[in-house]
Amino acid sequence: MSDVLQLMIVLVIILVAAKGSGLLSSALGQPAVLGELLAGVILGPSVINMFSASFLDSPYLEESTHLLAQLGVVFLMFLAGLETDLSQVNKVRRVAFLAGSLGAIFTIVMGAGASAPFGFSAKESIFIGIILSATSVSISARTLMDLGVLQGRQGLAILAAAVIDDVMGLLVLSFFIAFAVHGGGGPGDALLILVRVIGFFTGALIVGRLLLSPLMRWAMKAPMSEGALTSAIVVVLIYAWSSEYIGGVAAITGAFIAGLFLRQTDAHRLIDERARALAYGFFVPIFFVGVGLSANARDLDGSDALLLLVICLVAAVSKIVGCGLGAFLAGEPFKSALQIGTGMITRGEVGLIIATVGLSEGLIKTNVYSIIVLTVLATAVATPLLLRIVFPRQKEARYG
C-alpha cells in the first residue's frame, strides 16, 4: 500500500478506537477522555504496537500521526480559550497567579529533591523538577467541559493558572539552559528570552484588541464558504506558531490566547459551533490516543520502577499542595483550593517539549525520558478520575 493509504488505515483505527473506548468509558460512568487515553496505550508500543504491523511499513506513519495529534491539542486549547470569559477570568487573577506560581515553584523543588537520592547530579535533579513544573490543562479542560464546570470560578482559575505556570516553566528552562548548560553567553541569552516573551504577548494583545473584530466581521460577510471558520483557523495557527517561534513559549499558549480574543468577536458562536465539530470529530481524538501511543513501558527495567512511582507521586502531590496553597492564600476556601490543585495535576506536551530539550542537551537519558512520558500518561489518566471526585456531579455536557 502507498503511504497515504496506510495513513488512512491508521486514522480509521485511531478514530474508531477513540470513539468506541470513549463510549465504553462513558457507559461505565467515567469521562470519555479516559477511554481515549487507554485506547492509545493498548494500541501503542506498551501493548500491541500497531505501527509494527506488517501492512503498516511506511516510515512516515508515526510522524504524521504525531503531527496531527499536535494540531489536535492546539485546537483543543483554542476551544478552551473560546469558552473562557475574560471578564470572569479577571475575577480570579489573584488566585490564578498565586496558584500557578507556587505550583511551579513547589514542583521544581520537590522534583529536584525526590530525584537526587537516585544518583542524579544537582543539575540533572533540578532539570527533572523543571520538566515536571509545567501543567497541561488540555485533559483537565476536556474533563471540566464534560462536567459542565469549565466556566465556574475553579475552572477559570485552573485555565489561567496553567497558562502562568507554563510560561514560568518555559522561562525557567530557557534561563537554566542559558546559564547552567551554555554558560558564557548566559546574560545576553536571558535578556533575549525576556524580550521575545514580552514581544509576543505585546503583539498578541495589539492584534487581538485592534484587528480581530474587524477581520471576523469581514469574514462573516465575505462571499466565500465558511469564511469565518477559515479565518479563525488562520488566526489560531498564526498565534500558535508565533507564540513558540517568536515568543519561545508553547504553541498551545498562543492557541488559547487566540480563543480568548476570538470569543470577543461577533462571530464567536458561529466559530465555536463549526470548530468544535472539526476538532472533536477528527483532531482531538487523535491527540488523546496519541498520548497513549507515545508511552513505551518496555523501555524501562526493574530499577526504574521505583523512580517512576516517585516521579508520579511528586507530579501529583506538588501541584495539589503548591497550587492548592496558592489558591488558599489568595482567599479560596479549602474545598475550592483542593479542586484547583487537582485540576493542575496533568502534564502533557509542554513537559514533553522540555524533556526533549533535556535529552538533546544531555541532561537526561532515554530511560528518564520514557519515565516522563509514562508520568504524563499516568497524570492524564488519574486527573479525570480525581476531578470527578472533587467536583460535585452535574449534568455533563457532550462534546463528542
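For the structure itself, look to the data block above.
Residues numbered from 1 in each chain as written. Predicted model: local features only at pLDDT ≥ 70, side-chain atom pairs only at ≥ 80, totals over all residues. Heavy atoms only, no water.

A.B. asks: Is there a simple way to think about the packing of aromatic side chains in this case?
C.D. replies: Geometry of an aromatic ring pair is reported as the spacing of the ring centres plus the angle between the planes. Applying the stated rule across the entire model yields six aromatic pairs. Residues Y239 and F261 carry aromatic rings whose centres are separated by 6.5 Å and whose planes lie at 55 degrees to one another, so their mutual orientation is tilted. Placement of the pair is Y239 in helix 11 (residues 227-245) and F261 in helix 12 (residues 251-263), with a sequence separation of 22 residues. As far as the burial class goes, Y239 and F261 line up, both buried. Ring pairing ties together the aromatic residues F75, F282 and F283, which thus form one cluster. (Phe/Tyr/Trp six-rings, centres within 6.5 Å; stacked < 30°, edge-to-face > 60°. Helix = DSSP H or I, 4+ residues; strand = E, 2+ residues; numbered from the N terminus. Buried < 20%, exposed > 50% of the residue type's maximum accessible area, 1.4 Å probe, protein only.)

A.B. asks: Explain unusual backbone geometry to me, please; I cannot follow it from the model alone.
C.D. replies: When glycine is set aside, most residues are seen to have a negative phi, and most peptide bonds are trans. With a phi angle near 60 degrees, N49 is a residue other than glycine that sits in the positive phi range. Secondary-structure assignment places N49 in the loop between helix 2 (32-43) and helix 3 (61-82). N49 gets classed as partly exposed once you look at its relative accessible area, which sits at 25%. With a phi angle near 50 degrees, E226 is a residue other than glycine that sits in the positive phi range. With respect to the secondary-structure elements, E226 resides in the loop between helix 10 (212-221) and helix 11. Given the relative accessible area of 39%, E226 is considered partly exposed.

A.B. asks: Teacher, can you tell me more about helix 1 (residues 3-27) here?
C.D. replies: Along an α-helix, residues three or four positions apart point the same way, because every turn accommodates 3.6 residues. Taking 1.5 Å per residue as the helical rise, helix 1 with its 25 residues ought to reach 36 Å, and the 36 Å between its terminal C-alpha atoms agrees with that figure. Residues of helix 1 that are buried: Q6, L7, V10, L11, I14, A17, A18, S21, G22 and S25. Here the buried face of helix 1 lies against helix 2, helix 3 and helix 13 (268-293). The first or second residue beyond helix 1 is G29, which carries a positive phi of 85 degrees. (Expected span 1.5 Å × (residues − 1). Contact = heavy atoms within 4.5 Å.)

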